[in-house]
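What the coordinates show
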Amino acid sequence: MGKKLTEDQISSFHRDGFLSPIDIFSEEKALFYRQELEKAEKKWPEAFEGASRQNAHLCFTCLDEIVHNQDLLDAAEDIVGPNILNYGTVLFIKEANDPGFVSWHQDAKYMGLEPHVGITAWLALSKSDDESGCMQMIPGSHGSMRDHNDTFGEKNILTRGQEVEGVDETKAISTPLRPGQASFHSASILHSSQPNRSDDRRIGFVIQPLMPPFVTQTKSRVGAQLVRGEDKFGHFDTLQRPSKDMDPADVATRDKINKIWKEHLYEGAEKTRDL
Ligand SMILES: O=C(O)CCC(=O)C(=O)O
């Protein structure tokens, strides 16, 4: 038994490249976070548009609290080890009956982080199931990196609309979650998600990746947060936690980090977009 995960859960993560579901907090607590997030969206709509959906945890205390949730970090520690950096976050929100989708891809392809040992925690703040477009994974596909094509598809909510062709979708496994549950996936697992055909928003808060501090950024220096243990390597600048929502200094840090992410994520692409 690990701190939170059983031996079976840990070995199934390593075998399949993902693990789901993992209980992190109650539905009531998830509803509280959803309400806080939705209040913030009403007050500062621009803080959730385009590229600002990235790293909102640097500006909003409710998201920062989730990133530092001890149950989440106990589960992550069982896979990543006792020293954990959080590289960043992305809000993947699909509105009710939203045609937005995510094509088959591997997160590690464009991030520049080596080696690919980090995990993504995909945390549900609303119900995520086949109807609302939950995450789908190809078990065991994390062994090698595949070629990706940039589609820049209008309804594709990935930065470049990047896509791996020829994925055998008959092998896909859905990872339905109730609010307050998470799935973990390897940085190199093939995954995707379908449009939201439900009448409610599908809100995924993605903490990506949680990684040991020996990981390096091969493109250019950027920041990360030490969320557990110690960092003896210093490969990343230290990012502070917000003490209140939308503090101008925190907004400036978020924008600086997102600018670097944009350079990394669009490296070699023919064009960029505000995603
Ligand atoms: O939320 C989604 O549908 C996709 C998220 C994703 O690609 C990821 O967490 O790596």
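What comes next is a walk through the structure. These figures come from a predicted structure and were not determined experimentally. (Residues numbered from 1 in each chain as written. Predicted model: local features only at pLDDT ≥ 70, side-chain atom pairs only at ≥ 80, totals over all residues. Heavy atoms only, no water.)

Thoughts on the overall build of the protein
Scanning the protein from N- to C-terminus turns up six helices and 16 strands. The C-alpha atoms of the protein give 17 Å as radius of gyration, which agrees with the globular expectation for 275 residues (19 Å, within 12%). If you line up the protein on its principal axes, its C-alpha atoms span 45 × 45 × 40 Å. Out of the 275 residues belonging to the protein, those deemed buried represent 57%. A separation threshold of at least 6 residues defines the contact pool for the protein, and within that pool the share at least 24 residues apart is 84%. Of the accessible surface of the protein, which amounts to about 11900 Å², a share of 49% is contributed by carbon and sulfur atoms. Once the 32 positive and 44 negative side-chain charges of the protein are each reduced to a mean point, those two points are 2 Å apart. (Helix = DSSP H or I, 4+ residues; strand = E, 2+ residues; numbered from the N terminus. Rg over C-alpha atoms; globule rule 2.2 N^0.38 Å. Buried < 20%, exposed > 50% of the residue type's maximum accessible area, 1.4 Å probe, protein only. Contact = heavy atoms within 4.5 Å. Areas by Shrake-Rupley, 256 points an atom, 1.4 Å probe, with all protein chains shown as cover. Lys, Arg positive; Asp, Glu negative; His and termini not counted. Charge placed at Lys NZ, Arg CZ, Asp CG, Glu CD.)

Considerations on the site of the ligand
In the region of the ligand, 14 residues are neighbours, and Trp122, His191, Ser193, Arg202 and Gln208 sit closest. Between the ligand and Ser193 there is a distance of 2.5 Å, counted from an oxygen atom to a side-chain nitrogen or oxygen. For the ligand, the accessible surface in isolation is 290 Å², of which the surrounding protein chains cover 99%. Taken together, the elements giving at least two residues each to the shell around the ligand come down to strand E3 (89-94), strand E4 (102-105), strand E6 (119-124), strand E12 (191-193) and strand E13 (202-211). (Near = heavy atom within 4 Å. Polar contact = N/O pair within 3.5 Å; in protein donor to acceptor, adjacent residues only side chain to side chain.)

A word on the nonpolar core
A general trend in soluble globular proteins is that nonpolar side chains are found buried together. Counting residues in each nonpolar core, the largest one holds 42 residues, and the members touching the most others are Phe60, Leu63, Ile66, Leu125, Phe184 and Leu210. At the level of elements, helix H1 (7-16), strand E1 (18-23), helix H2 (27-43), helix H3 (61-67), helix H4 (70-80), E6, strand E11 (181-186) and E13 are the ones that each hand at least two residues to this core. Considering each element in turn, this core owes the most residues, six residues, to H4. Ignoring anything within four residues of it in the chain, the contact list for Leu63 reads Leu37, Ala56, His57, Leu91 and Phe205. (Core = buried A, V, L, I, M, F, W, Y, C linked by side-chain atoms within 4.5 Å.)

A word on helix H6 (residues 248-265)
Along an α-helix, residues three or four apart share an orientation, since each turn contains 3.6 residues. Between its terminal C-alpha atoms H6 stretches 25 Å, which fits the 26 Å expected from 18 residues at 1.5 Å a residue. Listing the buried residues of H6 in full gives Asp250, Val251, Arg254, Ile257, Asn258, Ile260, Trp261, His264 and Leu265. (Expected span 1.5 Å × (residues − 1).)

Fair warning: the whole summary comes from geometry, so function is off the table for now.
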